[in-house]
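Spelled out from the first residue to the last, the chains are:
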Amino acid sequence: MALKIIRNKTRFHQQAQIEVKVLKFLTECDGEGKYNIIGIRNSFVFRNHVWLVFDLLHVSLYDFLKANKFQGLSLN
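Remember, predicted model here, so these are calculated numbers, not experimental data.

> I keep staring at the pairing of strand S2 (residues 40-46) and nothing clicks. Help me out?
A regular strand places its side chains on the two faces of the sheet in alternate fashion. Relative to strand S3 (residues 49-54), S2 is paired through six bridges, and the arrangement is antiparallel. For Ile40, the partnering residue across the bridge sits in S3 and is Phe54. Count of turn residues in the S2/S3 antiparallel hairpin: two residues, of which Arg47 carries a positive phi of about 55 degrees.

Structure representation (structure tokens):
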């Protein structure tokens, strides 16, 4: 599993709740995985930090960029 932890600051907490709603909506709309949208598995609050749980698909975006000398992604 891959985790995204959002700090327990008020403004981040509010943004995280919106993110959870959007991710759950996208997951419901693409139940068959037809559109290659990352699906959220679960979300919860622990010590007032919002935790998002996803399937671990491959390397993280940061690790990919690091390996690519931070050149970004090609449009192709």
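From this point, the narrative continues.
> Help me understand the sheet that holds strand S1 (residues 2-6) in this model?
Strand pairing within a sheet occurs via backbone hydrogen bonds; the two strands may be parallel or antiparallel. Reading across the sheet, the three strands line up as S1-S3-S2 and stay open at both edges, with antiparallel pairing between neighbours. Each having just a single partner strand, S1 and S2 make up the two edges of the open sheet. When the angles between neighbouring strand axes are averaged without regard to direction, this sheet yields 20 degrees. Across the sheet, helix H1 (residues 10-29) is in contact with S1, S2 and S3; its angle to S3 comes to roughly 20 degrees.

About the thresholds
Residues numbered from 1 in each chain as written. Predicted model: local features only at pLDDT ≥ 70, side-chain atom pairs only at ≥ 80, totals over all residues. Heavy atoms only, no water. Pairing = 2+ DSSP bridges. Helix = DSSP H or I, 4+ residues; strand = E, 2+ residues; numbered from the N terminus. Axes fitted to C-alpha atoms, helices over the stretch in contact; angles between N-to-C directions. Contact = heavy atoms within 4.5 Å.

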